[in-house]
Amino acid sequence: MSEEIALDGESLTPADVEAVARQNAKVTIPEYVREQVRDSRERIEDILETGEPVYGVNTGFGELVQERIPNDKIETIQQNLIRSHAAGAGEELPTAAVRAMLVTRLNALVKGFSGVRERIIDLLAGLLNKGVHPVVRSKGSLGASGDLAPLAHMTLVLLGEGEATIDGERLDGATALERAGLTSVELHAKEGLALINGTQLTVSLGALTVLDAERAIRAADIAGAMTTEVTFSTTASADSRINDVRPHRGHRESADNIHAITIDSEIIQSHRNCDRVQDAYSIRCLPQVHGAVRDAVRHLREAVTTELNSATDNPLVFDASGVDNRASGTDDAAVLSGGNFHGEPLALPLDYVTSALSELAAISERRLDRLLNPNVQEDHLPPFLAKDAGIQSGYMIAQYAAADLVSTNQAEGKPSTTNIPVSGNQEDHVSMSAQSALRANSAVDRTLRVIASELVCATEALEYVDSDLEPGSGTRAAQDCVRERVPRLNGDRQIYSDIDAVTELIVSDTLDDRVERAIDGSLR
């Protein structure tokens, strides 16, 4: 990953967001992009000279849109907007989420349709590059008119207000800026609205969720392959002919992974002609279920990638060439009010992915139970993988914890289907996309831990397979990777650290890398 991400408003990817958010990559703004920003600001200045009423420039906000603002108060209302909208509640966002918000808002502004000064984009870039992280409350957005409250908390620091952390120390906004050698700004016409009228909490969490969900799916394929082997099940369900007659793309990708991970498994070959007719659904239907989750996450990736490179505030400032300018009253610019701040394009796929992740966790938990439950597990496995069952509990409670995580995922609901009108009924339909993003982000974290639990237990279960039978190359690599962090269970111990360690192997891409090297190819 590049140490610097060039922001042009057109090419930001979820991986770029992660590089800035989690790996502290710095950002740059190319000169041609700066020219776009300067041109956009000039159009706002032209509008101010006409005196014509334009929403967000010289009017009030929301239901107060009919209120005309005198020229000498235009800058005052921009500062007031930020202060009054910093009404967030709930837990504070982690640093990675705040950095993701900063880079996604900055990328939207540099597209050149928001009318902010170059000074604003430089200060946002300065916060990222100097490690100044505003303290942002997570709750308070309705996902329409933008993620107003969280973005207002973020923007307060630009004014030298609010709070921020720098080098792990929590300071007031002014002191944090001074510590970093940055200078606060006074917002000019349109700038306050441009900074908070967007979907950046939603899309930043969405970008991180996409990447972690893709990791979860690949890890679930690895875990499922391991469980298939250790339960003496068959990989026939991953045969390409099955997918050929029902050609969903996600199905094909997960089936290909199972095949690649286990292709040379002596364990699977050893019972190819046994008298078991079919395996349980959690193993036999793995390609179909994992594949459906893949397709849901792919839909979210497409929506997030589009949103990352979109102008999402209101109004938007366009070049007047060839545009009907009657709405703006000027021949020099076209300022158009619309609804690009509405989070519905993200809310629906985010809710879809939350449901999909719930299913991925659920099928993993069912495989986990087959590794532990003495009523269904194979004869070669001791109850709950305890060496001295009864005296020891082994990994029994790993399944309890997984069941809780699955149940919590399933209770998350669908925020995008709710609506509470606000702002005197001017804003009478909202998306709740920020709630959808927060829940999806939590769901993927829980799902990763369920899958990590299956990996821990499948690794332990492989210890009980005849040592003369080699697992697949991919399976062996996964087992070795886990064993470097999790020792064999020789007696009862605190097992949360086992699950924590394997979760980290997944999110750091270490597990992926080790398996891919072993199979001499990439996981899908």
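Structure: see above.
What counts and how
In every chain, residue numbers begin from 1 and rise along the written sequence. A pLDDT threshold of at least 70 governs which residues receive local features in this predicted model, and a stricter bar of 80 or more applies before side-chain atom pairs are shown or counted, although totals over entire chains, interfaces and linings include all residues. In computing side-chain values, all of the structure's heavy atoms are included and hydrogens and water are not. Aromatic pairs are defined between Phe, Tyr and Trp rings, using the six-membered ring for Trp, whenever the two ring centres lie within 6.5 Å; interplanar angles under 30 degrees are classed as stacked, those over 60 as edge-to-face, and all others as tilted. Helix and strand definitions here come from DSSP, where helices need a minimum of 4 consecutive H or I residues and strands a minimum of 2 consecutive E residues; each element is numbered from the N-terminal end. Relative accessibility thresholds used throughout: buried, under 20% of the residue-type maximum; exposed, over 50%; partly exposed, between the two (1.4 Å probe, protein chains only). Ring-over charges, as used throughout, are those where CZ of Arg or NZ of Lys falls within 6 Å of the ring centre and within 35 degrees of the ring normal. To form a nonpolar core, buried Ala, Val, Leu, Ile, Met, Phe, Trp, Tyr and Cys residues must be joined to one another through side-chain atoms within 4.5 Å. Between two residues, a contact is recorded if the distance between any of their heavy atoms is within 4.5 Å. DSSP calls a pair of strands paired once it identifies at least 2 bridges connecting them. A patch consists of residues whose relative accessible area exceeds 30% and which take part in no salt bridge; residues with like charges are grouped when within 9 Å of each other, and nonpolar side chains (Val, Leu, Ile, Met, Phe, Trp, Tyr) when within 5 Å. Only the protein chains shown count as covering a residue, and every accessible area follows the Shrake-Rupley method with a 1.4 Å probe. We count a salt bridge whenever a side-chain nitrogen from Lys or Arg sits within 4 Å of a carboxyl oxygen from Asp or Glu. In this tally, Lys and Arg are treated as positive and Asp and Glu as negative; His is ignored, and so are the chain termini. Taken as the charge location is NZ of Lys, CZ of Arg, CG of Asp or CD of Glu.

A. Just the packing of aromatic side chains, in detail. Tallying each qualifying case throughout the model produces 1 aromatic pair. Arranged with centres 5.4 Å apart and planes meeting at 50°, the rings of Phe 113 and Phe 318 form a pair that is tilted. Taken together, the residues Phe 113 in the loop between α4 (95–109) and α5 (118–130) and Phe 318 in strand β8 (residues 316–319) connect sequence positions 205 residues apart. Residue classification places Phe 113 among the partly exposed residues on the basis of a relative accessible area of 27%. Since its relative accessible area comes to 27%, Phe 318 is described here as partly exposed. The ring of Tyr 464 carries the charged tip of Arg 488 above its face, separated from the ring centre by 5.1 Å.

B. Looking closely at the nonpolar core. In terms of nonpolar packing, the biggest core is built from 146 residues, with Leu 106, Tyr 395 and Leu 455 touching the most fellow members. Ignoring anything within four residues of it in the chain, the contact list for Leu 106 reads Leu 7, Val 27, Ile 29, Ile 121, Leu 124, Ala 125 and Leu 128.

C. Representation of the sheet that holds strand β4 (residues 133–134). Within the open sheet, the 3 strands sit side by side as β4-β6-β7. Their pairing is antiparallel. This sheet does not close on itself; its edge strands, each paired only once, are β4 and β7 (169–172). When strand β6 (residues 163–166) meets β7, the two strands line up antiparallel, connected through 4 bridges. Looking at the pairing, Thr 165 lines up with Arg 170 of β7.

D. Representation of unusual backbone geometry. In this structure, Pro 315 follows Asn 314 across a cis peptide bond, with omega equal to -5°. Inspection of the secondary structure assignment puts Pro 315 in the loop between α14 (286–308) and β8. The backbone phi angle of Phe 384 is positive, close to 60°, even though this residue is not glycine. According to the relative accessible area criterion, Phe 384 is partly exposed, its value standing at 23%.

E. Region of interest: a negative patch on the surface. On the surface, a cluster of negative charge is made up of Asp 264, Glu 266, Asp 466 and Asp 468. Relative to the helices and strands, Asp 466 is located in the loop between α17 (433–462) and α18 (473–483). Residue class for Asp 466 comes out partly exposed when judged on its relative accessible area of 43%.

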